[in-house]
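Results of the structural survey
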Amino acid sequence: MSKVFARNLLFNKQVMATDGTEIGTLSNIVVEIKGGNIIDLMVTPNPNFDTSRYRKADNFILIPFASVSAIKDYIIIDKMKAKLN
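What comes next is a walk through the structure.

Cut-offs used in this document
Residues numbered from 1 in each chain as written. Predicted model: local features only at pLDDT ≥ 70, side-chain atom pairs only at ≥ 80, totals over all residues. Heavy atoms only, no water. Helix = DSSP H or I, 4+ residues; strand = E, 2+ residues; numbered from the N terminus. Pairing = 2+ DSSP bridges. Axes fitted to C-alpha atoms, helices over the stretch in contact; angles between N-to-C directions. Buried < 20%, exposed > 50% of the residue type's maximum accessible area, 1.4 Å probe, protein only. Lys, Arg positive; Asp, Glu negative; His and termini not counted. Salt bridge = Lys/Arg side-chain N within 4 Å of Asp/Glu carboxyl O. Polar contact = N/O pair within 3.5 Å; in protein donor to acceptor, adjacent residues only side chain to side chain.

Here D58, not a glycine, exhibits a phi torsion of approximately 55°, which is positive. The topology assignment puts D58 in the loop between strand 4 (55–57) and strand 5 (60–64).

Let us look at the sheet that holds strand 5. Taking strand neighbours across the sheet as the criterion, the seven strands line up as 4-5-3-2-1-7-6 in an open arrangement whose pairing is mixed. Each edge of the open sheet is held by one strand with a lone partner, namely strand 4 and strand 6 (68–71). Along the sheet, successive strands turn relative to each other by an average axial angle of 40°, direction set aside. Pairing of strand 3 (residues 38–45) with strand 5 involves four bridges; the strand directions are antiparallel. By the bridge assignment for strand 5, V43 is matched with I61.

Its location among the elements puts K13 in the segment before strand 1 (14–17). Buried charge K13 goes without a salt bridge, the closest partner of opposite sign being D73 at 6.3 Å. Polar side-chain contacts of K13 include one of 2.7 Å to the backbone oxygen of K72.

Counted according to the given criterion, the structure contains two salt bridges. For K79, the salt bridge goes to D19, with nearest N and O atoms at 3.2 Å. In this pair, K79 sits in helix 1 (residues 79–82) while D19 sits in the loop between strand 1 and strand 2 (22–31), placing the two residues 60 residues apart along the sequence. On the basis of relative accessibility, which here comes to 18%, the residue K79 falls in the buried class. Using a relative accessible area of 53% as the deciding quantity, one classes D19 as exposed. A salt bridge links D40 to R55, with the shortest nitrogen-to-oxygen separation between them at 2.6 Å. Of this pair, D40 sits in strand 3 while R55 is found in strand 4, placing the two residues 15 residues apart along the sequence.

A few words now on the environment of D73. Residue position: D73 is located in the loop between strand 6 and strand 7 (75–77). C-alpha of D73 to C-alpha of K13: the two residues are 60 residues apart in sequence and 7.8 Å apart in space.

Read these as spatial facts, not as claims about activity.
Now the structure itself:
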């Protein structure tokens, strides 16, 4: 994604995968101070979502912003780009 307006990143927005899996809700974002680039989305995962292959911080999973493919009514991510190797 090249540019995203902050108003499109409303907290509590649903985060879904390109295959339709409901991942969770956006709780916060991690931003690079110098450049202002968004690094990660902090997502509160749905209780039945398997978080074992994702980076975690407290009760959140960290989704790299580079894995975001669209931001509309939902934030759509590519799960393959978001998972740990």
